[in-house]
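Spelled out, the chains give:
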Amino acid sequence: MGHEEARMTQDLYSDARLYDLLFPASKAAVDFYRAEADGRGGHVLELGCGTGHKLIPIAADGHPSVGLDLSQDMLTAARQKADERGVSVEWQQGDMRDFDLDDEFDLIFIAGNALLHLHEADDIVQCFRAVRRHLAPGGRFAFDIFNPDVRLLADADGVRRPRTSFTDPGRGDVHVDVADTYDAAAQVTRGTWHFSTDSEPDFQTVSIEVRSIFPQELPVLLAHAGLRLVERLGDWDGSPFGADSSTQLCICESADLS
């Protein structure tokens, strides 16, 4: 038991290398946020920036950019990536629920479901309020989260099942099994992810907990923070959001714009 506990990682975001292998950059997502930055111009802020998948290309396009993340490990990896590319980004350790950068931004974004690590409605509203305080006049706030599928949530029964695989240059083929449970009262899916190779079963186990934000509650959460939903897309290609959309891709602005 002690050996198993020693291999347990508190969460995925304390291992930047594993994170990058498990969640490689999506070109469609990168292109979308780059286009948003190009369309807005000016300063860009990414909250929950991770290892800089999306922000570094935006900064490379010439936009003054700030990346904020709670994990120092992720920021260290992001800083190394930016330095290797010769790209200037200001990296800040901080909590997206409560930050003060003493600056305003023309685009603020939260990508890759990072918003869903805030579980309480009050925490989400706090984050949105902090975003609103940092929006420049005419600025936009964009984020992407999954669209909850009640059939998938109902199947989160705690049984360990194969989920995905990837190649680790140091280990070879890595197989990932996941056991999910869904807390309907909290709207939180709690997952335990097991990483194995043929020669090294369960070499690492991590926990991931994400909230579901349902389509009808999202505008209400935004409104409580003085924001409004300008547009909600269902995919990176710009298709409209609908019942069968897997993604809620949201563009918002300050609600007090005249």
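Before reading further, recall that the structure is shown in the block above.
Cut-offs and rules
Residues numbered from 1 in each chain as written. Predicted model: local features only at pLDDT ≥ 70, side-chain atom pairs only at ≥ 80, totals over all residues. Heavy atoms only, no water. Helix = DSSP H or I, 4+ residues; strand = E, 2+ residues; numbered from the N terminus. Rg over C-alpha atoms; globule rule 2.2 N^0.38 Å. Buried < 20%, exposed > 50% of the residue type's maximum accessible area, 1.4 Å probe, protein only. Contact = heavy atoms within 4.5 Å. Areas by Shrake-Rupley, 256 points an atom, 1.4 Å probe, with all protein chains shown as cover. Lys, Arg positive; Asp, Glu negative; His and termini not counted. Charge placed at Lys NZ, Arg CZ, Asp CG, Glu CD. Core = buried A, V, L, I, M, F, W, Y, C linked by side-chain atoms within 4.5 Å. Expected span 1.5 Å × (residues − 1). Phe/Tyr/Trp six-rings, centres within 6.5 Å; stacked < 30°, edge-to-face > 60°. Pairing = 2+ DSSP bridges. Right-handed = clockwise from strand over helix to strand, strands pointing away. Arc of directions from axis to C-beta.

Peer 1: Break down the overall build of the protein chain for me, citing the residues and quoting the values.
Peer 2: When its secondary structure is counted, the protein chain shows eight helices and twelve strands. Its C-alpha atoms give the protein chain a radius of gyration of 19 Å, within 12% of the compact-globule value 18 Å for 258 residues. Principal-axis analysis of the C-alpha atoms gives the protein chain an extent of 60 × 45 × 35 Å. Across the 258 residues in the protein chain, those meeting the buried criterion constitute 48%. Contacts in the protein chain between residues at least 24 apart in sequence constitute 63% of all its contacts with a sequence separation of at least 6. Total accessible area on the protein chain is roughly 12600 Å²; 47% of this is exposed by carbon and sulfur atoms. Averaged over its 23 positive side-chain charges, the protein chain has a centre that lies 2 Å from the centre of its 45 negative ones.

Peer 1: Give me the lowdown on the nonpolar core, citing residues and values where you can.
Peer 2: Of all hydrophobic cores here, the largest spans 49 residues; its most connected members are Leu47, Ile110, Leu115, Phe128, Phe141, Phe143 and Phe195. For this core, the element with the highest residue contribution is helix H6 (residues 121-134), accounting for six residues. When neighbours within four sequence positions are excluded, Ile110 is seen to be in contact with Tyr33, Leu47, Met96, Leu115, Cys127, Phe141, Ala142, Phe143 and Asp144. Counting residues in hydrophobic clusters, the runner-up holds 22 residues, among them Tyr33, Ile58, Val87 and Ile251.

Peer 1: How would you sum up H6? Please name residues and give values.
Peer 2: With 14 residues, H6 extends 20 Å between its outermost C-alpha atoms, agreeing within 8% with the 20 Å of an ideal straight helix rising 1.5 Å per residue. The complete set of buried residues in H6 reads Asp123, Ile124, Val125, Cys127, Phe128, Ala130, Val131 and His134. Buried-residue contacts for H6 involve strand E2 (44-47), strand E5 (105-110), strand E6 (135-146), strand E10 (204-211), helix H8 (218-224) and strand E11 (227-233).

Peer 1: I'd like to hear about the packing of aromatic side chains, residue by residue, with values.
Peer 2: Scanning all chains against the criterion turns up eleven aromatic pairs. A ring pair is formed by Tyr19 and Phe23, whose centres lie 5.6 Å apart and whose planes are at 55°; its orientation type is tilted. When its relative accessible area of 16% is taken as the criterion, Tyr19 is described as buried. With relative accessibility at 32%, the residue Phe23 sits in the partly exposed group. Through a chain of ring-to-ring contacts, three or more aromatic side chains come together here, namely Phe32, Tyr33, Phe109 and Trp236.

Peer 1: Before we move on, can you summarise the pairing of E2 with the specific residues and values?
Peer 2: In E2, alternate side chains face the same way, and those of Val44 and Glu46 on one face and Leu45 and Leu47 on the other are all buried. In terms of strand pairing, E2 meets strand E3 (residues 65-69) through four bridges, oriented parallel. Across the sheet, Leu45 pairs through a bridge with Val66, a residue of E3. Once the chain exits E2 it traverses helix H4 (residues 55-60) before rejoining the sheet at E3, and the crossover so formed is right-handed. As judged from the three bridges shared by E2 and E5, these two strands associate in the parallel manner. What sits directly across from Leu45, in E5, is Ile108.

Peer 1: Account for the environment of Gly138, with residues named and values stated.
Peer 2: Inspection of the secondary structure puts Gly138 in strand E6. Put simply, Gly138 and Ser254 are 116 residues apart on the chain and 7.9 Å apart in space, counted from C-alpha to C-alpha.

Peer 1: Which residues make up helix H3 (residues 27-40), and what values go with them?
Peer 2: The first and last C-alpha atoms of H3 sit 20 Å apart over 14 residues, in line with the 20 Å expected at 1.5 Å per residue. Looking at H3, one finds that the buried residues are Ala29, Val30, Phe32, Tyr33, Glu36 and Ala37. Looking down the long axis of H3, one finds its buried residues gathered within 165° of arc, a one-sided arrangement. Of the residues in H3, the exposed ones pointing more than 90 degrees away from the buried face are Lys27 and Gly39. Turning to H3, the residues buried within the fold contact E2, H4, E5, E6, E11 and strand E12 (247-254). Trailing H3 by a residue or two, Gly41 shows a phi angle of about 75°, which is positive.

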